[in-house]
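# Working through the structure, step by step
As a plain string of letters, each chain reads:
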Amino acid sequence: MSNKNHSEAALKYFSIKENAPVFCITTGRSGTGLLATLLDKCYGLSAHHESKPAFNEVRDLAWARSTADQQKLKSWWLDRKLPAMYESIGNGSGPHRIYVETSHMTTKGFIESLIELGVVPRFIVIRRDPRAVAKSLYALGTIPVKSKIGQEWCLNERDRTFFNINTDYSKLKDYQLCFLYCLETQARVNHYTTLVEQRGSASVHLEFDDLVSGVWKSKLAALMPIRPNVLAVLREKLFSSPEKVNEKEEGKKSQILEKDCSLEEIELLKMISTAKI
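Now for a look at the structure at hand. (Residues numbered from 1 in each chain as written. Predicted model: local features only at pLDDT ≥ 70, side-chain atom pairs only at ≥ 80, totals over all residues. Heavy atoms only, no water.)

### A short note on the overall build of the protein
Regarding its fold elements, the protein presents twelve helices and seven strands. Looking at the protein as shown, the accessible area adds up to about 14,000 Å², and 51% of this sits on carbon and sulfur atoms. (Helix = DSSP H or I, 4+ residues; strand = E, 2+ residues; numbered from the N terminus. Areas by Shrake-Rupley, 256 points an atom, 1.4 Å probe, with all protein chains shown as cover.)

### Considerations on the packing of helix H7 (residues 174-197) against helix H12 (residues 262-271)
Running from N to C, H7 and H12 point in directions that differ by 60°, and their axes come no closer than 10 Å. Considering their axes alone, H7 and H12 lie oblique with respect to each other. Regarding H7 and H12, the two cross each other, and that crossing is right-handed. The segment H7 lies against H12, with Tyr175, Gln176, Phe179, Leu180 and Leu183 engaging Glu264, Glu265, Glu267, Leu268, Leu269 and Met271. Each residue belonging to the contact of H7 with H12 can be placed in one class, and the counts come to seven nonpolar, one polar and three charged. (Axes fitted to C-alpha atoms, helices over the stretch in contact; angles between N-to-C directions. Parallel < 35°, antiparallel > 145°, perpendicular 65-115°, else oblique. Left-handed = near helix turned anticlockwise from the far one by under 90°. Contact = heavy atoms within 4.5 Å. Nonpolar A, V, L, I, M, F, W, Y, C, P; charged D, E, K, R; others polar.)

### Remarks on the pairing of strand S3 (residues 98-101)
Side chains Ile98 and Val100 project from S3 onto one buried face, and the interleaved Tyr99 and Glu101 project onto a second face that is buried too. Taken together, the two bridges between strand S1 (residues 22-25) and S3 define a ladder with parallel strand orientation. When the bridges of S3 are listed, Phe23 appears paired with Glu101. Taking the sense of rotation as the criterion, the β-α-β connection linking strand S2 (residues 45-48), helix H3 (residues 67-88) and S3 turns out right-handed. (Buried < 20%, exposed > 50% of the residue type's maximum accessible area, 1.4 Å probe, protein only. Pairing = 2+ DSSP bridges. Right-handed = clockwise from strand over helix to strand, strands pointing away.)

### Digging into unusual backbone geometry
Residue Lys52 is joined to Pro53 through a cis peptide bond whose omega torsion reads -10°. Structurally, the position occupied by Pro53 is in the loop between S2 and H3. Despite not being glycine, Arg29 has its phi angle at roughly 55°, a positive value. Note on placement: Arg29 falls in the loop between S1 and helix H2 (32-39). Overall, the relative accessible area of 33% leaves Arg29 in the partly exposed class. One non-glycine residue with positive phi stands out, namely Val145, at about 75°.

### Side note on empty space enclosed by the protein
Enumeration according to the criterion identifies one cavity of 30 Å³ or more in this entry. Its volume calculated, the largest cavity comes out at about 40 Å³. Lining the largest cavity are Glu50, Ser51, Ala54, Phe55, Asn56, Glu101, Ser103, Met105 and Trp153. A per-class count over the lining of the largest cavity returns four nonpolar, three polar and two charged. (1 Å grid on protein atoms, 1.4 Å probe; cavity = no way out; pocket = protein on both sides within 12 Å on 5 of 7 lines; lining within 4 Å. Points joined across faces, edges and corners; volume = space filled by probe spheres on them.)

### Let's talk about H2
Of the residues making up H2, those classed as buried are Thr32, Leu35, Ala36 and Leu39. Down the axis, H2 shows its buried residues gathered within 100° of arc, on one side only. (Arc of directions from axis to C-beta.)

### Quick notes on the nonpolar core
Judged by nonpolar contacts, the single largest core of 34 residues is most densely connected at Phe14, Phe23, Trp77 and Leu82. Going through the elements one at a time, helix H1 (3-15), S1, H3, helix H4 (111-116), strand S4 (122-127) and H7 are the ones with two or more residues in this core. Among the elements that make up this core, the one with the highest residue count is H3 (six residues). Those residues in contact with Phe23, other than ones at most four positions away along the chain, are Phe55, Trp77, Met85, Tyr99, Glu101, Thr106, Ile111, Leu114, Pro121, Arg122, Phe123 and Ile124. In terms of nonpolar packing, the next biggest core, distinct from the first, is built from 25 residues, Cys154, Leu183, Cys261 and Leu268 among them. (Core = buried A, V, L, I, M, F, W, Y, C linked by side-chain atoms within 4.5 Å.)

### Quick notes on H7
Its 24 residues place the ends of H7 35 Å apart at the C-alpha level, agreeing with the 34 Å of an ideal helix rising 1.5 Å per residue. Counting buried residues in H7 gives 18 out of 24 residues, a clear majority hidden from the surface. (Expected span 1.5 Å × (residues − 1).)

### Observations concerning the packing of aromatic side chains
Going through the model one piece at a time under the given rule, you end up with 13 aromatic pairs. For the pair Tyr13 and Phe14, a centre-to-centre distance of 5.3 Å together with 90° between the ring planes defines the contact as edge-to-face. The same class applies to Tyr13 and to Phe14, which are both buried. Its relative accessible area of 8% is what places Tyr13 among the buried residues. Within the aromatic cluster, the residues linked to one another by ring pairs are Phe23, Phe55, Trp76, Trp77 and Phe110. The side chain of Arg128 reaches across the aromatic face of Phe208, ending 5.0 Å from its centre. (Phe/Tyr/Trp six-rings, centres within 6.5 Å; stacked < 30°, edge-to-face > 60°. Lys NZ or Arg CZ within 6 Å of the ring centre and 35° of its normal.)

Pasting the structure below:
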């Protein structure tokens, strides 16, 4: 099959409602890696955390601010991302019928161009307490807008946001930038779930604790078939090595947990007002 035919086949497959890909809306630091592992042990699902080609490879095209960027982003979906997704499910003829990617990057300016191509995704929303996420980002030094990794993976000055701030980002404290990112993500949850539901698709909300308790299975059954592969789960329990603790985050944990962030959060809330993307 030629590259063009393969791209067209991928687009046609994922444009069908029952085959729509499943993406995540979340802040990160919320169990996305664990969810991908759990879902990949279910029959019929090809689940990935951050698969190639990765969204951050075209981060500079996010939000497609110009006509040229819009075309480049659509071409990236059509020529690279969708074909790779299609291959991961055996080109639509293998045992895996549904593609799932739990990366939190999808809602950082990429979904609109996918919908314009005719593919309306389904969403899994993972919610973790905003303060817990903000503290985790702060502990790791992943500061939105400010640090290199924070700009690439969380929020940067080029991004369209739901909040207007009556001051420069540079005047916000590091923790405030982390907390602002969490508030912005919640606003995007409301926007994107409404966007796909108005087009006949669906979304399901999970709490962070649902991933540990096992409740995720019954909740996600409303979105797609969830049939755990028992042998795969047992094999994982028998042969997996203990999970490594992130030493950098753990080293600062006690200091961060004791940090009283409420005053910085109140300060931030006084500086922002709602806006539309």
